[in-house]
Structures are given as structure tokens and as C-alpha cells.
Amino acid sequence: MIAFLLKRIANAAFVMLAVALLAFVIFRFFGDPVEMMVNEQATLADRVELRERLGLNDSFITQYTRFVTDTVQGDFGISYRNQQDVMVLIKERFPATFELVLVATVISLVVGIPAGVITAVYRESRLANILQLGSIIGVSLPSFVVGILLILAFSVSLGWLPAFGRGETVDIGWWSTGLLTPSGRAALMLPAISLSTFQVTLVMRLVRAEMLETLRADYIKFARARGVPAARVHWRHALRNCLMPVITLTGMQIGNLIAFALVTETVFQWPGMGMLFIQAVTFVDIPVMAAYLMIVSLIFVVLNTLVDITYAWVDPRLRDDTASAGGSNG
Amino acid sequence: METPPALTLTPVRKARLSRIRESDLWFSFRSHPSAIFAVVVLLFVTATAVCAPFITPQNPYDLASLELWNSEIPPIWAADGQWPFLLGTDTQGRDILSAVLYGSRISLIIGFASVILALGVGLALGLMAGYFGGWVDNVIMRIGDVLLSMPFILIAILITAIASASLPTGLKDVLAAPILIFAIAVPSWVQYARTVRASAMVEARKEYVQAAKLIRVKAWRIMLHHILPNCMTPIMVAATLNFGLAILSEATLSFLGVGMPSDQPSLGTLIRIGNQYLFSGLWWIVVFPSIQLCLIVLSVNMIGDWLRDALNPKLR
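The rules behind each value
- Residue positions are counted from 1 within each chain, in the order its sequence is given.
- Labels follow written order: the first chain is A, the first ligand is 1, and so on.
- pLDDT decides what is reported in this predicted model: residues at 70 or higher carry local features, side-chain atom pairs at 80 or more are listed and counted, and totals for whole chains, interfaces and linings draw on all residues regardless.
- No hydrogens and no water enter the side-chain calculation; it runs on all heavy atoms of the structure.
- Numbered from the N terminus, helices here are DSSP runs of H or I no shorter than four residues, and strands are runs of E no shorter than two.
- Partly exposed residues are those whose accessible area sits between 20% and 50% of the maximum for their type, while under 20% is buried and over 50% is exposed, using a 1.4 Å probe and protein chains only.
- For this analysis, residues touch if any pair of their heavy atoms sits within 4.5 Å.
- We get accessible surface area from the Shrake-Rupley algorithm with a probe of 1.4 Å; when it comes to residues, only the shown protein chains can shield them.
- His is not counted, nor are the chain ends; Lys and Arg add positive charge and Asp and Glu add negative charge.
- Every charge is mapped to an atom, namely NZ of Lys, CZ of Arg, CG of Asp or CD of Glu.
- The predictor's confidence in any single residue is recorded as pLDDT, a number from 0 to 100.
- A 1.4 Å probe defines the accessible area here, and the buried area is the portion of it lost by two parts on being joined, summed over both.
- Note on definitions: salt bridges are taken to be side-chain nitrogens of Lys or Arg within 4 Å of carboxyl oxygens of Asp or Glu.
- Between N or O atoms, a polar contact is any pair within 3.5 Å; within protein, one atom must be a potential hydrogen donor and the other a potential acceptor, and residues adjacent in sequence are included only when both atoms are from side chains.
- The residue classification treats Ala, Val, Leu, Ile, Met, Phe, Trp, Tyr, Cys and Pro as nonpolar and Asp, Glu, Lys and Arg as charged. All others, Gly included, are polar.
- Working definition of a nonpolar core: buried Ala, Val, Leu, Ile, Met, Phe, Trp, Tyr and Cys residues. They are joined through side-chain atoms within 4.5 Å.

1. Details of the overall build of chain B
Here is step 1 of the chain: Each helix and strand counted, chain B has 14 helices and zero strands in total.
Here is step 2 of the chain: Listed N to C, the secondary structure of chain B is α-α-α-α-α-α-α-α-α-α-α-α-α-α in terms of helices and strands.
Here is step 3 of the chain: In chain B, buried positions account for 50% of the 316 residues.
Here is step 4 of the chain: Taking as baseline every contact in chain B between residues at least 6 positions apart, the subset at least 24 positions apart corresponds to 70%.
Here is step 5 of the chain: Total accessible area computed for chain B in this model is approximately 15900 Å², and 67% of it derives from carbon and sulfur atoms.

Shown next, in the form of C-alpha cells:
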């Protein structure tokens with residue numbers, strides 16, 4: 001188990017170093033950092049001096065090592081666009097994205113699990129067919145289209161909910177939360193629903209597939225034969241055995257949700273990390289782009305590694321080298 | 001013994017046709033109304049997109065055909081709708097139906113091309129990794145691991161952003177479509193490579209491959225003629241589902257403003273433009289491109305879902 005643990009951690013570290021290399025190459029070679037930082041009146045001597053001070057004359061390896069060391073210490077440099085520390089910018093924006101992703105995840109579980117159970121248990125019923133159709137439509141609707149349609153319906157036509165911004169926020173330490181004010185909660189509704197559409201269908205399809213498998217198991221037949229009420233068999237005995245993969249999926253999808261939040265944030269003008277990134281892309285603000293790439297990848301890799309380790313801990317067969325090397329998904 | 005070739009040819013052809021008509025796949029297709037519906041919709045959308053220049057009242061790219069007094073006309077069924085603008089016009093007098101059909105063309109082409117590119121690269125690298133093993137396998141699969149450890153959409157955005165930042169302004173718009181195709185293909189080849197690699201590893205150890213190696217059949221020939229046909233089923237399903245994903249990704253990138261420019265708009269670009277008029281009551285500018293995009297992706301996904309079930313031996 002320890003060997004497996006070390007191997008997985010080494011693997012994750014390798015991936016992060018590769019991502020860092022990518023971020024560094026983007027940072028260093030697309031657009032000259034010196035040209036981005038100095039103003040028009042800077043003399044040639046100023047530029048040479050800045051180039052030396054930034055260490056841009058050192059060898060590639062030295063620069064890359066320094067980039068990695070700085071990054072590990074949370075130093076992503078200074079934004080080209082507004083001359084602020086990138087880490088401060090991200091710290092400011094992180095709570096907004098996190099709350100959005102959190103609420104979207106909760107919605108996906110609260111809606112997705114019951115829908116999955118219903119479609120599996122009452123397979124031929126009209127409700128199940130409607131839910132099934134809804135799930136394939138949900139997979140096919142781009143999240144920005146969902147967002148736009150929600151705005152058209154609930155903000156423009158009905159005027160019930162705000163279409164942009166975060167509403168009022170309350171600061172708790174450095175964390176600013178919109179969950180504690182009515183306007184903050186109202187502003188969160190539409191973005192969270194539109195971000196969760198895809199996730200809901202994913203959870204629902206997974207629960208359905210798992211339930212169909214579990215319902216054939218002997219212990220379910222036995223429970224039925226023993227006279228356990230159907231509802232209890234379905235919602236307690238069967239569902240419990242389906243929850244592990246759902247937890248895994250939810251964990252692994254959080255990275256994807258954070259990335260996809262940038263689309264939702266653009267639609268709803270939500271002041272999160274994703275908006276920061278998209279603005280950075282338009283202004284070629286490379287330190288911000290590199291930092292966002294690193295942070296999202298880090299969350300992604302850490303969650304995946306945790307899931308792998310948990311699985312190996314639960315199921316010793318997976319500690320085998322061969323099983324983890326290729327076949328994590330087909 | 002001599003038989004005229006015409007006599008042998010016709011039965012073969014007939015057999016082929018009836019082989020399709022009597023196959024399980026065709027039977028499954030006929031008994032799934034949703035699959036038939038999806039194919040009909042997709043064929044209709046593709047046909048109207050291909051024939052767009054012949055059926056649309058105007059060329060939305062041609063600025064000379066736009067008349068400003070035709071701007072902001074609502075759809076034909078509204079009180080002040082006007083012929084021939086069936087779905088209304090935008091603020092510059094551009095016919096929405098024409099724009100949607102031309103936009104679908106671009107979306108379909110980019111989606112299709114990126115799937116083909118990813119398929120080609122993924123199959124080639126996957127076969128090599130599985131067949132040769134060793135360091136070739138290691139390098140290819142490590143690159144794949146790194147790509148999969150970043151969210152799909154993020155890689156695509158970064159590639160388009162870097163490409164447009166480093167290209168001169170003149171070339172940027174010309175190369176927008178190839179850049180998008182490349183940006184969507186880069187994160188998606190890994191899936192094909194992994195699938196093919198797994199079967200190639202199994203097949204490469206089998207006796208017939210060993211025998212072929214022994215009589216010095218060339219490596220690429222073994223890979224293409226013996227190993228590849230054995231793993232086409234999962235690849236076809238993945239490719240169909242990825243076609244839908246590719247169209248979605250293209251639309252998302254264009255919506256975010258890093259995809260197709262507004263003078264050659266794809267569906268995503270049209271939605272981005274329409275999004276600016278969301279609060280001014282001009283709902284038709286954004287709604288119709290959205291509906292078209294959803295229809296395309298929905299039908300592709302329905303075909304993919306049906307194909308996955310139909311080809312899955314466990315479900316028969």
C-alpha cells in the first residue's frame with residue numbers, strides 16, 4: 001500500500017511539473033515579459049536592467065526551477081494588466097467560484113440521485129421516460145445556452161431573479177460569501193442551476209446504471225422475499241450500494257466544474273476566477289493565465305489522486321500496478 | 001471453369017445490400033424511433049447547411065446585401081414580421097435564418113474536422129504505443145496523462161488564446177477555423193489512443209500477430225490490417241459522441257470570444273452576438289442559433305447513445 005501511495009503521489013507530482021513547464025513556456029515565450037511590464041518611455045537601459053532583475057538572462061533550467069519554486073510558495077508574479085499581485089487577485093475571486101461550484105454540486109446530487117433511482121426502479125413508467133428524455137436533452141444543451149435561456153425566462157420576461165453579479169456579500173475574514181444575504185442567494189440561483197445542468201444528468205445516468213445492476217443482486221431479491229417494503233428496499237438497501245461511484249464522480253467532476261464555471265461566469269458576469277481568466281485571455285495577461293492554469297490543474301490532480309488512493313484503500317486488487325497504469329477509463 | 005465477371009459481381013453486390021438489411025444493427029435502428037428521428041434531423045440540418053447558398057434569401061457575409069432599413073425585424077409570425085425574413089433580422093439587417101444556416105455549416109465542418117484529426121492522431125499513437133510498448137508507450141501515454149489532467153475546455157482556450165496572441169492580426173481571422181480544429185483535437189485524441197492501445201496490447205501478443213511478425217510483415221501493415229479492425233466498435237461510438245462534444249466545444253469557445261470571428265460566425269459566435277441584445281427585447285437574435293445548436297448536438301448524442309447500446313454485446 002505504501003509503495004502504491006508513493007507511486008501515485010510521484011505520478012501526481014510529475015503531472016504537476018509538466019503542467020508547470022507548460023505554464024512556464026507560455027509565460028516565457030509568448031510575448032516578451034519585459035515589453036509587457038515597462039511603459040512606453042522606458043529607455044533601453046531600463047529594459048536591460050529589468051531583464052537582468054527578472055532573471056530572464058539565466059539558463060532555461062534555472063528559470064524553470066525558479067518558476068516552480070515561486071509557484072510552490074504561491075508567488076505567481078504581477079498581473080500585466082493592473083499591476084496587482086496575481087495571488088491576491090485570485091484569492092479575491094476564489095470564494096465566488098467556490099460557492100457557485102458548491103451549490104451546483106449540491107443541486108446535482110439533490111436532483112440527480114432521486115431522478116436516477118426513479119428511472120431505474122420504474123423503468124417503463126411515463127415519468128421515467130420523461131426523465132430519460134430530459135437527461136439526454138440536458139447532456140446536449142450547452143451550459144451557456146441554458147444560462148441565456150434562464151436569463152430570458154426568469155430575468156427578462158418574469159423579472160424574478162437577477163441576471164448578473166453576485167448581489168450583496170458578507171466578509172468573513174478574507175472570504176466573501178453571498179450565501180448569507182437574500183440578494184446574494186437570489187443572484188446565485190440562475191448561475192448555479194445553469195452550471196449544474198450537465199452534472200445533474202451525469203449523476204442521474206450513473207445512479208440509474210448502478211441501480212439497474214444492484215437491483216439484480218441476490219440480497220435485493222432476498223430483502224423483497226422477506227417482505228421489506230419496496231420503498232425501503234429501493235431507497236435504502238439498493239441506493240446505499242450505489243453511492244460510492246456517485247461520490248467518486250462528484251469528487252472528480254469538481255475540477256471540471258471549476259473549469260466550466262468560466263463559461264457560466266461569463267454569461268452571468270459572475271465575479272469569479274473564471275471571469276478573471278477570460279479577461280486575462282482577452283488582454284494577454286499571461287501571469288494570470290498561467291496562475292489559473294496551475295491552480296485548476298492542481299485541484300484536478302489532487303482530487304483524482306485522492307480518489308485513486310481511496311479506491312486502492314477500499315479495494316486491494318487495485319493496488320496492482322497493471323490495473324492503475326492504463327485502464328482507469330476506457 | 002471460366003465464369004464471366006458480370007455474373008459473379010451482381011450476386012456479391014446483392015449479398016452486401018441484404019447483409020446490411022438483415023444485420024442486427026439495421027434491425028435495431030428500425031426499432032428505435034429516437035434513432036430514426038435523430039438521423040432524420042441531422043440529415044436535414046446537414047442538407048440545409050450544405051445548400052445554404054441556394055436556399056437562403058441573402059448571403060449574411062456579403063455586406064452589400066444587407067440593408068439597414070431591414071434591421072430588427074421580428075420573426076414572420078409576429079405582428080410586424082416581413083417576408084422573406086422568416087426568423088427576423090438582427091440590428092444590421094442580417095437575416096437570422098441565413099446566418100443560422102451559414103453558421104451551422106461552419107460549426108459542422110469544424111466539429112467534423114476536429115474529430116477526424118483527433119481520430120487520426122489518436123489511432124496512430126495508440127497503435128504505436130500498444131504495439132511497440134516500452135519507451136514509445138511510456139512517452140505517448142505520459143503526454144496523454146498530462147493532457148487529461150487539465151480540463152478539456154481549458155486546454156482548448158489556452159491553445160486558441162496563445163495562437164491568436166502570437167499571430168499577426170491579418171492571419172488571425174483566416175486561420176481561426178484551423179486553430180479551432182487543432183485546439184479541440186489536442187485534448188480529445190487521448191481517449192482514442194487509450195482505447196486502441198488497450199486492444200493493440202492484447203492483440204500484439206496473440207499468435208497470428210506473432211506469426212505475421214515471423215514472416216516479416218511490416219509493422220504498420222500488422223497494425224492497420226490486423227489490429228485496428230478489431231477495435232473499431234468502441235472507437236466508432238466514441239467518435240460519434242465526440243462529434244457532439246466537438247461541436248459543443250467549438251460553440252463554447254466562439255461564445256467566449258476566442259473562436260470564430262464575427263465576420264465568419266459559427267453558431268457560437270451568433271449566440272455571443274445575440275447575447276448582447278438579451279435585454280433589448282430582440283430575443284430572436286439569440287434564441288434561433290441556440291435552438292439550432294441544441295438540435296444538432298441532441299441528434300448527434302441520440303445517435304451516439306443508440307449506437308453504444310446497439311453495439312454493446314452485453315445488452316443484446
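2. Let's talk about the overall build of chain A
Here is step 1 of the chain: Secondary structure assignment for chain A yields 13 helices and two strands.
Here is step 2 of the chain: Summarising its shape, the C-alpha atoms of chain A cover approximately 85 × 60 × 35 Å along the three principal directions.
Here is step 3 of the chain: Burial analysis of chain A (330 residues in total) assigns 45% to the buried set.
Here is step 4 of the chain: Of all intrachain contacts in chain A linking residues separated by at least 6 positions in sequence, the fraction that spans at least 24 positions is 70%.
Here is step 5 of the chain: Of the roughly 16600 Å² of accessible surface on chain A, 65% is carried by carbon and sulfur atoms.
Here is step 6 of the chain: A distance of 16 Å separates the average location of the 25 positive side-chain charges in chain A from that of its 24 negative side-chain charges.

3. Observations regarding the confidence of the model for chain B
Residues and elements named next belong to chain B.
Here is step 1 of the chain: Mean pLDDT over chain B stands at 79; residues scoring 70 or higher make up 83%.
Here is step 2 of the chain: Helix H1 (residues 5-21) is the least confidently modelled element of chain B, averaging 59 in pLDDT, while helix H5 (residues 96-132) averages 88, the highest of any element.
Here is step 3 of the chain: Overall fold confidence (pTM) sits at 0.82, and the ipTM for the predicted complex is 0.79.

4. Comments concerning unusual backbone geometry
Here is step 1 of the chain: Residues other than glycine seldom take positive phi values, yet A:Gln269 does so here, at roughly 50°.
Here is step 2 of the chain: Not every positive phi belongs to a glycine, and B:Arg216 is a case in point at roughly 60°.
Here is step 3 of the chain: Relative to the helices and strands, B:Arg216 resides in the loop between helix H10 (207-214) and helix H11 (219-227).

5. Thoughts on the interface of chain B and chain A
Here is step 1 of the chain: Of the residues lining the interface, 40 residues belong to chain B; the matching set on chain A comes to 45 residues.
Here is step 2 of the chain: The junction of chain B with chain A conceals about 3600 Å² of combined surface from both sides, 81% of it contributed by carbon and sulfur atoms.
Here is step 3 of the chain: In this structure, the connection of chain B to chain A is made through one salt bridge.
Here is step 4 of the chain: Our count for the contact surface shared by chain B and chain A stands at two residue pairs in polar contact (both at pLDDT 80 or more).
Here is step 5 of the chain: Sorting the residues of the side of chain B that touches chain A by element identifies helix H6 (134-148), helix H7 (152-166), helix H9 (176-205), helix H12 (232-256), helix H13 (267-275) and helix H14 (283-310) of chain B as the ones contributing at least two each.
Here is step 6 of the chain: Residue contributions to the side of chain B that touches chain A peak at 12 residues, all from H14(B).
Here is step 7 of the chain: Each residue belonging to the side of chain B that touches chain A can be placed in one class, and the counts come to 27 nonpolar, eight polar and five charged.

6. Digging into the nonpolar core
Here is step 1 of the chain: Of all hydrophobic cores here, the largest spans 146 residues; its most connected members are A:Phe144, A:Leu262, A:Phe277, B:Ile157 and B:Leu293.
Here is step 2 of the chain: The biggest single contributor to this core is H9(B), with 14 residues.
Here is step 3 of the chain: Once residues within four sequence positions are removed from consideration, B:Leu293 is found in contact with A:Pro142, A:Phe144, A:Val145, B:Ile247, B:Ala251, B:Leu267 and B:Ile271.
Here is step 4 of the chain: Counting residues in hydrophobic clusters, the runner-up holds 17 residues, among them A:Ala120, A:Met211, A:Ala223 and A:Val233.

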